Amino acid sequence: MSDSIFDYDHHFPAAELPSDIPADLLRKAPLNLPNPAELEVLRHYTRLSQKNFSIDTHFYPLGSCTMKYNPRIAHSMASLPGFARLHPDTPAPAMQGLLQVLWELQEWLAAVTGMAAVSLTPAAGAQGELAGVAMIRAYHAARGDHGRRKMLIPAAAHGTNPASAQMAGFTVVEIPNLVDGDLDIAFLDQHLGPDVAGIMLTNPSTLGVFERRIADIAARVHGVGGLLYYDGANLNAILGRVQPGRMGFDVMHLNLHKTFATPHGGGGPGAGAVAVQERLRPFLPLPTVLREGEGTLHWMTEQESPRSIGRLSAYGGNIGVLLRAHAYLRRLGRVGVGRVSAYAALNANYLLKELQRVGYQAAFPERRASHEFILSVSDLQKATGIRALDVAKRLLDFGIHAPTIYFPQLVPECLLIEPTETESKATLDRFVEVMAQIRQEALEQPELLREAPHHLPVGRLDEALAARRLDVAAAQ
């Protein structure tokens, strides 16, 4: 019976430790580890995953973040073996497929933004900002114009804007907004002069409205020799319809992990591609993909671009994110790109009007929404003490992720809401119903909101303490 399949001793030799491990390196006692069955482990982690909020499972109206659905076709394309298994040190002649995809993405993004050239290498939006202002600095320095040390930034800007400007060595001057949301042109004029390097802003702004005098602002800043930087965080509002380059912007970054539907949140990954007008092309960060005529493609080097601000990430940036953005754009096509902003604006304006109908106050009631809008619950605070934080926490009980709160700081007790184009009318209508119920609760049972959330594994936390003393084990 020695050849029988039931002769286990014959077919399965006993497990033995490798004989070449020195005895002093071997454990004297086994590790004190749990020994659950595979099914127990599977159920444990599945239960944990079901406690998370995600785009795949919940509505995520997180203003200024563009938390849209991430198409699975883009994940599939980025996971193809020819991309996923390609070593980054592969010589350019052997990676022409990847370089072709990245070169196409550079060209498409330049066309979408109305710019002359694009670098894909920045690994995050904030790094794209830094690259943008670094190119502005390099441009002025190359002209011998070393006195331009002032960067103008609207009060409604993203918090990373002034940080990026200061990191690049500029002095920040804050420009206020008027009560209608537009920039204060009179205040801007007071600070324009030969010491201005440029202005950083986005359009639509973080107030959720389109800056109507953008052409006038561009003419004034250019008139004193400054440049315009565009924060691309809100590009989803105008994608395929308005080009920042035609508004007068000289340089911008794009959040490919927002507008172009690659996953983000939890710290990354991201991609903050930068686009520039022709006069800033020599300063683009490296590497970019270069094509000479119809010949082969290669990574541009420092020798080919001696005035570049340098490298911002290893190799070519976050390639997986870039591949997803390429697949997303190819899937949409020219017409589809325009539909993105059309439906984003439609959803935002529909939601704004419906929430006003059930009693919420719009921060700028005379303005149409762009892709996002701001509500203020300061009336609830005055009547019952309920704050934006309480409304946000109560939303979690209904399986809806909270919108952005207390940003921008110009609007008291604000909720910054962005539905994106990928949400259905049914989802938006349910959100309105839930918000109407929460408002009624705030007026009749304010304690219910103050103690929310009620149905999650973790209740109301001390926000500051939780950030400083993170304890992930307590949430299991």
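Residues numbered from 1 in each chain as written. Predicted model: local features only at pLDDT ≥ 70, side-chain atom pairs only at ≥ 80, totals over all residues. Heavy atoms only, no water.

The chain carries the name glycine dehydrogenase (aminomethyl-transferring) in an unreviewed UniProt entry, which gives Acidithiobacillus ferrivorans as its organism. Of the comments in the UniProt record for the chain, the one headed Catalytic activity (unreviewed entry) reads "N(6)-[(R)-lipoyl]-L-lysyl-[glycine-cleavage complex H protein] + glycine + H(+) = N(6)-[(R)-S(8)-aminomethyldihydrolipoyl]-L-lysyl-[glycine-cleavage complex H protein] + CO2". Of the comments in the UniProt record for the chain, the one headed Function (unreviewed entry) reads "The glycine cleavage system catalyzes the degradation of glycine. The P protein binds the alpha-amino group of glycine through its pyridoxal phosphate cofactor; CO(2) is released and the remaining methylamine moiety is then transferred to the lipoamide cofactor of the H protein." (UniProt positions renumbered as here; feature names shortened; annotations may be inferred.)

## Observations concerning the environment of T288
Mapping T288 onto the fold places it in the loop between β7 (274–276) and β8 (289–291). Taking C-alpha positions, T288 is 27 Å from F170, a pair spaced 118 residues apart along the chain. (Helix = DSSP H or I, 4+ residues; strand = E, 2+ residues; numbered from the N terminus.)

## Here's the deal with the nonpolar core
Grouped together as the largest cluster of nonpolar side chains are 54 residues, with contacts concentrated most on L109, I199, L254, L256 and F260. Counting residues per element, the ones that place at least two in this core are α5 (96–113), β3 (171–175), α8 (185–191), β4 (196–201), α9 (214–223), β5 (227–232), β6 (251–254) and α11 (319–357). Once residues within four sequence positions are removed from consideration, L256 is found in contact with L105, L109, A261, T262, A271, A273, V321, L322 and A325. L355, I417, M435 and I438 belong to the second-largest nonpolar core, a separate cluster that totals 28 residues. (Core = buried A, V, L, I, M, F, W, Y, C linked by side-chain atoms within 4.5 Å. Buried < 20%, exposed > 50% of the residue type's maximum accessible area, 1.4 Å probe, protein only. Contact = heavy atoms within 4.5 Å.)

## Observations regarding the packing of aromatic side chains
By the definition in use, this model includes four aromatic pairs. Aromatic side chains Y139 and F283 sit 6.5 Å apart centroid to centroid with 90 degrees between the ring planes, which places their arrangement in the edge-to-face category. Within this pair, whereas Y139 is found in helix α6 (residues 125–142), its partner F283 is found in the loop between β7 and β8, the two being separated by 144 residues in sequence. With respect to class, Y139 is no different from F283; both count as buried. The interplanar angle of 80 degrees and the centroid separation of 4.8 Å between the aromatic rings of Y230 and F249 together place this pair among those described as edge-to-face. Of the two residues, Y230 is situated in strand β5 and F249 in the loop between α10 (244–247) and β6; the sequence distance between them amounts to 19 residues. An identical accessibility class is assigned to Y230 and F249; each is buried. Just above the ring of W103 sits the side chain of R291; from NZ or CZ to the centre is 4.6 Å. Cation over ring: R439 sits above Y360, and NZ or CZ is 5.3 Å from the ring centre. (Phe/Tyr/Trp six-rings, centres within 6.5 Å; stacked < 30°, edge-to-face > 60°. Lys NZ or Arg CZ within 6 Å of the ring centre and 35° of its normal.)

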